[in-house]
Structure formats: structure tokens, C-alpha cells
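Geometric and topological summary
Chain residues, written in single-letter form:
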Amino acid sequence: MEILGLTFAALGLVLVLVVVVPATLVWIAIRVVGLVFRVLGLREPSSRAAGPGRVARWTRDTLQDAGNLLGNLVGAVSLGVFSLTQLLLLRTAAFRRLGSAAGSEALAAAGAIYRLLLGHPLRLLGLGGLVRSLEQRIPAALDAAYEAERRSVPTTRGGALPSVEGYQLERELVAGGSGARIFVGRPTPERVRDLGSRGRRLPEQVVVKVFTLTAGSTLPQILRESRALEPAGRLGLVLDHCLDEEQFHYVMPFVEGPSLQDEIDTLHQGDTPLDGEALRRAVAHAREVCDELQRFHGEGLWHKDVKPANLIVSSEGVRLVDLGLVTPLASALTLTTHGTEYYRDPELVRLALRGTRVNQVDGVKFDLYGAGAVLFALLEGTFPANGSLTPFEKQSPEALRFVVRRAMADLESRYANAAEMAHDLEALLAAEDLASFKPMQLPSMGGPLPTRGAQEADTAQAARRVPAPEWRTVQGPGGSETGPSTQAARDLGWRDMGEDPRQRRQRRRTRRAVGAALITVVLATLAMHGLRFLLGAEPEAPRRMHFAPLEDAWLPVLDGVRAERGLLVLGCSLPEGLEEDLLARLPDLRLWTEADLPPAGQAALRLALEVSQAQGEGPHSEEVRRALWDHAPGPVDLLLLEPSALDREVLVPRLILGP
Amino acid sequence: MHELTTHFVGRLRSRDPDAWFELWETFGPILRAQLARWGRGRIGQETVQDLSQETLTALAGAIDRHDPSKGAKFSTWLLAIAKYTLSDEMDRRNALKRGAGKRPLSLSGGTEDDPDMDVEGGPRPDVDYEAAVFEAKVDAALRQVERAAGFADFEVYRQRVLEGRSGREVGEALGTSEATISRKAARVRDLLREALTQVFGRYAFTDEDWDELTRNGLETSPKKAQDAAFDEAVGEVWMRAVRRRRQASG
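Here's a quick rundown of the structure. In this text the structure is predicted, and so the values were computed from the model without any measurement. The numbers attached to residues start from 1 for each chain and follow its sequence in the written order. Chains and ligands are labelled by the order in which they are written, letters from A for the one and numbers from 1 for the other. In keeping with the model being predicted, local features are shown solely for residues with a pLDDT of at least 70 and side-chain atom pairs are shown and tallied solely at 80 or more, while totals for entire chains, interfaces and linings include all residues. Side-chain measures were taken over the full set of non-hydrogen atoms in the model, leaving aside hydrogen atoms and water.

Helix numbers and strand numbers start at the N terminus; a helix is a DSSP run of H or I with at least 4 residues, a strand a run of E with at least 2. In terms of regular secondary structure, chain A is built from 20 helices and 17 strands. Categorising residues by exposure relies on relative accessible area from a 1.4 Å probe, with only protein chains included: less than 20% of the type maximum marks a residue as buried, more than 50% marks it as exposed, and the intermediate range marks it as partly exposed. Within chain A, the proportion of its 659 residues that are buried is 41%. Expressed as a percentage of contacts within chain A between residues at least 6 apart in sequence, the contacts between residues at least 24 apart total 59%. For chain A, the exposed area adds up to about 35900 Å²; of that, 59% sits on carbon and sulfur atoms. Throughout, a residue-residue contact means that at least one pair of heavy atoms, one from each residue, lies within 4.5 Å. Accessible areas in this description were obtained via Shrake-Rupley with a 1.4 Å probe; residue shielding takes into account the shown protein chains only.

In C-alpha cells:
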């Protein structure tokens, strides 16, 4: 018995020494480590709930990850083999795609191995805080670093970001088909000051569209893009632009937000018809599109590419971007078929094929067709594939369908302007029940105009008629500064203190400088001639350009001048006596000089001449004609005086007839 | 060949931009759909667009040499030009990949890799293609009527006939009486009959082309008793086109 008792005692002791003591030590160690991690903030609060639950969770997660690991390994190996096969077949694109998929599988397998060996055991020990650091904070930090890198390097083309004076470019956006590169950047403080002194305020972030001749952009592309800069500047769509020997760029405000196409995709995720708030949101977007169009049309601009991808849903409403095809409504250019199919009126193609000019059509109506197609896309989630005959397949209010059809109808029947369409949409927005709203209740069909819509429309119209606010000295809580004297500024507590004295001083200084320079030139000339007279030297005959003999070069040209049109003389003034001669022959002829063109017209014309010269086309090129007809004060022919190819000192006339 | 067809071919031959636009507007979508089908993922959307343009360019060359005595249907003729345009493109691509074991796209007909060809060597139009061509011609007539009738009258016909609503419903929606709805619908119907005659006449290279209208219940001779049947047939063609396009896109 004693032996038996001793044996049991020994076994008990062994059990205590081998099991209980180590277990106790482990438990104490865990508690100590846990305490340390808790003090360090690395332990999850939920880890207090220890015990069977945690073990069960560990078991479940371990089994799941073991299965995942197996699947990932099989996937990675299989895809790796397929990928290598594609490489052997020299199908590089497929090799890259499959290789990328194999890499993803391998990465997932590595994650599973980590969780099996480290993550789950540590969680079992209650060290979830430490695990969270590894699993969440490190990837988050890596993502943040990647995002910063993504923002700072070009995303669509390789190579460094180009240098644009006055702007620090940060990242590249996806470019359209204009031949330019588009960047997001920030203006430098010097540029902000420089433009500020000229009354223009730059936002913090801007979009810079850059055409570089050495990188494939062409002068005609630049010319096309520069046509609407001036009115676009008045709209605040173009903030700055510059043309030098190699590069042309212009700067636009950066509008942050998803495109309307993204919004459409979100609205139609479930493939169900829109109703309730989603439907009202869609109508409100369409209403804002009309507002944007009114802004463009009010400045005499035709956007020409209204589509969801060119509409940004910003915090201030829908904004129309991409000025690549913007054309002055009064342009004398021939219509082109540029635009996006399904959002472009087919009638535009018909007229373009006939050779119709822009100013012979109402471009506003073509933008309205685009607006109707955008509203269709908002309601249906897809573009109108069959033009105005495209049937609606999702349920939507009859009155809204009517608005779409009216916007996409024949030119004669289409809305006359964006305001008319906006009023119809406003009436719909004001309706309590969209579904029961009848087309006959729309304002364009004689229904009442909602008061709010009418007031807004009137206000918006009035705002468009008001010229840009004058920059004056305003005084507010933060002191005095130069800024626009607008109602919004006054609402913010700024008081108009009259004309900015700095600007007034600057103007005076400029006048004085110009006056002093003129006096200096006159005095210097007099002094030089006086000195020559005193020294008895003959004044040097200035090198003169000669006009070609009248009979040889002028008379045939002048015979072609048409009295009913103006004649724009470019290059230098007419030879002595010829103007009188010409006017005696054609008394009704109106003569213009280059100075009669607006500055933008002069620049455009010179650029066009350079383009034509570079392309070896001479001044008779289409570009010159377009630049001239776009900017001339009326219907004119062009009389270009330029050096003869045979004798550079002889000026010969060239007559370029207008349409 | 019908006089209208001769006239239209004449306009095409004289490069009348309106005639060419009409051809592009009517058959452009069909050409794109057909080229995309033939391309079977080998060509992208942009190439399809380019090829549809090239098909019309090729047609511009072919129209001068067109011999009506051969009696080919217009749809078949157009399909043949599209097929040759595509085969040119594929040959060009395969020539670039010479050595990769690619054979040029065959146009000799009846081969395993080119089941769209018939034994005479021309492309074999299938039922879907013929239906698409027919519906495109009806669409062209409707577009013509939409322009001629004006928005308000066409809207009446659209709601009443194409969407199958009752006269009372349309009257309530548009704020007018049922009698006015009937009157406007009758006016548009007359215009549509005329437009169908014109459009089908333009592309009727054979008697079979002409018979398409009657076969589909679109009798173009104005008989009061047949108005309802005519409207029903128009509505049926319209709905059939919607269903077919939905299936093609979905």
C-alpha cells in the first residue's frame, strides 16, 4: 500500500511538475505579455473575452485559411504555367494578364501562410492589437504611399512631367483625342501674384492642357484649340494660356468629382427603373446640365461634345468640361462631324456633308440634342442607340420621356434654347408626383412655369447679362485686399472701398513710363540728326521695301477685289496713291487693316500664316481663311503684302478671296 | 429596277451628300453590328467604326460599276462589300503576323472557318441580318416622317401606334381630344405610307425587296379599311425591332 501510495504521490508530483507548473508558467507568461501589450496599446480590448470562444474562432479561421492556401497555391501554379505558355507563343499581352493573375494568387497564398503561422496564433494568445498593426496599419501605410506616388507621376504616359512655366504639375489625367496631354497642377506663388495683379485669381488646383510640338502635337491642333479661348476666358473656363515656340498650354479650373457617367452607373447598378429620390436626382442633374449650356450659349459658345463623360458632378453642381471642340456660334468655319456618336445629332453630319458653315446653323440646338441624350442615359442607364426613335425600356414618367424626345426632335421642333428645356425640368422637379405629371403640364406645352424656376431663370439670365465684376478694393474682417465687388463678397462681410488704389497707382506709373519713353525716343532721334547735321554727314538712307510695279502685280489683283465685301490689308499699308486709286475705282469698298482685328484675331491670323508657311501651303490655306473669317469684322477678302520669292525687297500683293 | 431605286443610285453616283448621309444613317448601325459579329472579338469597337466607314467608301467605288441586271438584292450587295472590307483588314493584319500560321480570311465560300459564305462565293445573309435591314428601312421611313410631320403630330403617332396606347390616354397626356388624336394619327399614317414607298423604293434592287413590305403587312396603298391593320403591322415591326436589338445587346 505504501508503495502504491508513493507511486501515486510520485505521479502526482510528476503531473504537477510536467503539466500544472508549465501550464501555470505559460498562463503567467501570457498574462504578463498580455499586460505589457495592453500597456503598449497593442492588445485588443475584446481579448479579455478569452477562453473557448477564442479557441473556436482560431480553429475556424485556421481551417478556412488552410483551404484558402491550398486553392491559392493551385491557382498560382496553374496560372503560372498558362502564363509561361503564352510567353512561349509570344503573346505578350496574354502573358502579362495571366502573369498578373498568378501574382495575385501567390500574394493571397502568402497572406494565408502569414495568418496560419503568425496571425491566428497571436490572436489566440489575445494579441490582436499586434496583429492589427501588421494586417491593417502596414497595408494602409503602403496604400497611402502608393497613392501619393500615383498622384505625383504620370499615369497615362511614361516619362517625366513636362515643365510649364508658372505651374507645378502633379499628375496626368487621361487625355482625349486632341493631341494634348492634360495635367492636374498648382500655380506657383509668383504666377498667382502675377495674374492677381492683372485682376485674375487662380484657384489652388488647376488643370493644364499642354500641346507640345516636339511630342507630336501639331499647329493645326493648337489653332483649333485656341479658337474659343477668349470667350471661354470670360466664362472663367480658361484662366491662363501661353504660346511659345515649342509649346502651347492653357489653364482651366480643376473640377473635382465623379463624372456623370459614374453617377449614371451608380444610379443603374441594380438594373431597376429610377424612382423616388434617385429619379429626382437624375432630373436635377439634367436641369444643371441645361444651366451649364445656358452659360456657354450666353457667351456665344457651342460646346459640341455634351455627354456624360464630359460632365462632372461637383459639389457646386454639374459642370461641363473638355473645351476641345468648343466653337464660337458665330464662326464662319465649315461644320465638322466631330463629337461623340449617339450624343451627336445625326443632322449635324448631314449638314457637315453639305459643307454648311457654323454660322448658318443654330449650334445651340445641337448641344440641346446632347442634353436630351444625357437625360435619356440618366433614365435608361445607356445611350440612345437609335437616336430620337430609341424606345424607353425602363419605367419612367411620361413627361420626362417627352422632354427627352423634344430635345432630340427635328431641329425645327426642338427646344429653342437651354432655358426652355430647363423650365420643363424645373416644373417636373416642383411636381409632387412625377409619375402623374402629364406632358401637357410642361411649361413648353403651355403649362405654368414654377415660380422658383421662373425666378431662378430670370436671375440667371440677368446675371449673364451683367458684365464681369470689377476688381476693386474691398475691406473685410481680414483687412483690405483687391477682389471682385460682388453680392457674394458683400454677403461675406466685405465692404466695397472703391477703386483699388494700387491699380490706380499702377496705371499712373505705366502712363508716366510710356510718356517718358516716347520723349526719350524723340529727343534721341533729334539729337542724332542734329549731330549728323553738325558733323555734316549725310543721313543714311533707310533700307526700304519696294512695291512691285503697279502694272505687273497690282492691277490683276485689284481687278479681283469685290466692292461688296471689305478688304483687309495685311503685311503693311498700301503703296502711296494706291488706296485713293482703289477707292476711286470702287467707292463702296471698305478697307480694313490688321489693327482693326481684335488682339485674339491678330494672333490667330499670324499663327495661321505661320502654320501655312510651315506646311508649305502659303497664305491661301484653309487655316488662314478660317482664322480670317472667324475674326474679321465682317465679310472680307484678304490682301496680303509679302516679300516676293524672287526679290525679298519687293513686296507683292496676294488676294485671298473670302467665301 | 424601280424608278426610285434608279434615281437614288443616280444620286449616289453623282455623290449627292444627302443620299450618302441617308445611306450612312440607315445602314451604318447594321454594318457595325454585322462587322462586330463577323469580327467575333478579333476587332475592337474602333475598328468596327472604321470598317463601317470603309465599307461605305468601297460602296462609293462599287456604285459606279453596279450592274442591276445581275439581280442581287441590295442587302446582299451591301453585305458582300462589308465582307470584302473586313477580309481586306484581316488579310492586312495576318500579313503583319506572317509566320504565325494565320491564313487569310477566305472569301471563296463554304469553308469551315467561314460559314457565312455561300457556295457562289458571296456572303450568305442570315435571318437576323435580313430582319435588321428591313427594320432599318422602316426606321428610316419613320425618321423621315418625324421630320416631315413635326414633333407634336409624330408624338401622337408614336404614343398611339408604336407604344400601343389608347386614344384617350394619349389625349389626356397631350391635352387634346380623341378626335384630334385620330386626325393627327391619320395624317402621320399617310406620310408614313408615302415614306415607306420611297425608302423601300430606293433600296429595291429586286422584286423580292419590294415584296418585303406586303409580306410584313405594310400595305402602302391607302385604303381606309386597312388603316388599323397597317398601324398594327407598324407597331408589330417596331416591337420586333426593339426585342431583337435588346437581345443583340444583352
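Back to the text.
What chain B contains, in helices and strands, is ten helices and zero strands. Order of helices (α) and strands (β) in chain B, N terminus to C terminus: α-α-α-α-α-α-α-α-α-α. Counting every position in chain B, which comprises 250 residues, the buried fraction comes to 51%. Looking at chain B alone, contacts between residues at least 24 apart form 66% of all its contacts between residues at least 6 apart. Of the roughly 11900 Å² that chain B leaves accessible, carbon and sulfur atoms contribute 50%.

On to the pairing of strand β7 (residues 311-314) of chain A, then. Residues and elements named next belong to chain A. The alternating pattern of β7 places Leu311 and Val313 and Ile312 and Ser314 on opposite faces, both of which are buried. For β7 and strand β8 (residues 317-320), the ladder comprises four bridges, and the chain directions are antiparallel. By the bridge assignment for β8, Ser314 is matched with Gly317. Count of turn residues in the β7/β8 antiparallel hairpin: two residues. Note: two strands are recorded as paired if DSSP finds a minimum of 2 bridges between them.

All names here are of chain B. As a rule, the C-alpha atoms of each element are fitted with a line to give its axis, helices using only the stretch in contact, and angles between N-to-C directions run from 0 to 180 degrees. At a minimum axis separation of 7 Å, helix α5 (residues 127-149) and helix α6 (residues 151-162) run at an interaxial angle of 140°. In this view, α5 runs oblique relative to α6, as classed from their interaxial angle. Here Leu142, Val145, Glu146 and Ala149 of α5 lie close against α6, whose contacting residues are Phe151, Asp153, Phe154, Arg158 and Leu162. Under the scheme applied here, ten amino acids are nonpolar (Ala, Val, Leu, Ile, Met, Phe, Trp, Tyr, Cys and Pro), four are charged (Asp, Glu, Lys and Arg), and all others, including Gly, are polar. Residue composition of the contact of α5 with α6, grouped by class: six nonpolar, no polar and three charged. Here roughly perpendicular refers to angles of 65 to 115 degrees, roughly parallel to angles under 35, roughly antiparallel to angles over 145, and oblique to all remaining angles.

The subject of this paragraph is the interface of chain B and chain A. Between chain B and chain A, the contact holds 28 residues from the first and 26 residues from the second. Once two parts are put together, the accessible area they lose, assessed with a 1.4 Å probe and summed over both, is termed the buried area. Per-residue buried area on chain B facing chain A is highest for Phe21, Arg147 and Phe151 of chain B; these three make up 24% of the total on that side. A pairing counts as a salt bridge when a side-chain nitrogen of Lys or Arg comes within 4 Å of a carboxyl oxygen of Asp or Glu. In this structure, the connection of chain B to chain A is made through four salt bridges. With a shortest N-O distance of 2.8 Å, Arg32 of chain B and Glu341 of chain A are connected by a salt bridge. Polar contacts, as used here, are pairs of N or O atoms within 3.5 Å; protein pairs need one atom able to donate a hydrogen and one able to accept it. Residues neighboring in sequence count only if both atoms are side-chain atoms. Across the chain B-chain A interface, the total number found is ten residue pairs in polar contact (both at pLDDT 80 or more). At the level of elements, α2 (17-39), α5, α6, α7 (167-174) and α10 (227-249) of chain B are the ones that each hand at least two residues to the side of chain B that touches chain A. Along the lines of polarity and charge, the residues of the side of chain B that touches chain A split into ten nonpolar, four polar and 14 charged.

With that settled, consider the sheet that holds strand β2 (residues 181-187) of chain A. Residues and elements named next belong to chain A. Taking strand neighbours across the sheet as the criterion, the five strands line up as β1-β2-β3-β5-β4 in an open arrangement whose pairing is antiparallel. Each end of this open sheet is capped by a strand with a single partner; those strands are β1 (167-173) and β4 (240-243). For this sheet, the mean inter-axis angle between neighbouring strands, taken without regard to orientation, is 25°. Both β1 and β2 contribute to a ladder of six bridges, which runs antiparallel.

With that settled, the discussion passes to the environment of Gly10 of chain B. Along the chain, Gly10 of chain B falls in helix α1 (residues 3-13). Along the backbone, Gly10 of chain B and Ile63 of chain B are 53 residues apart, and their C-alpha atoms lie at a distance of 9.0 Å.

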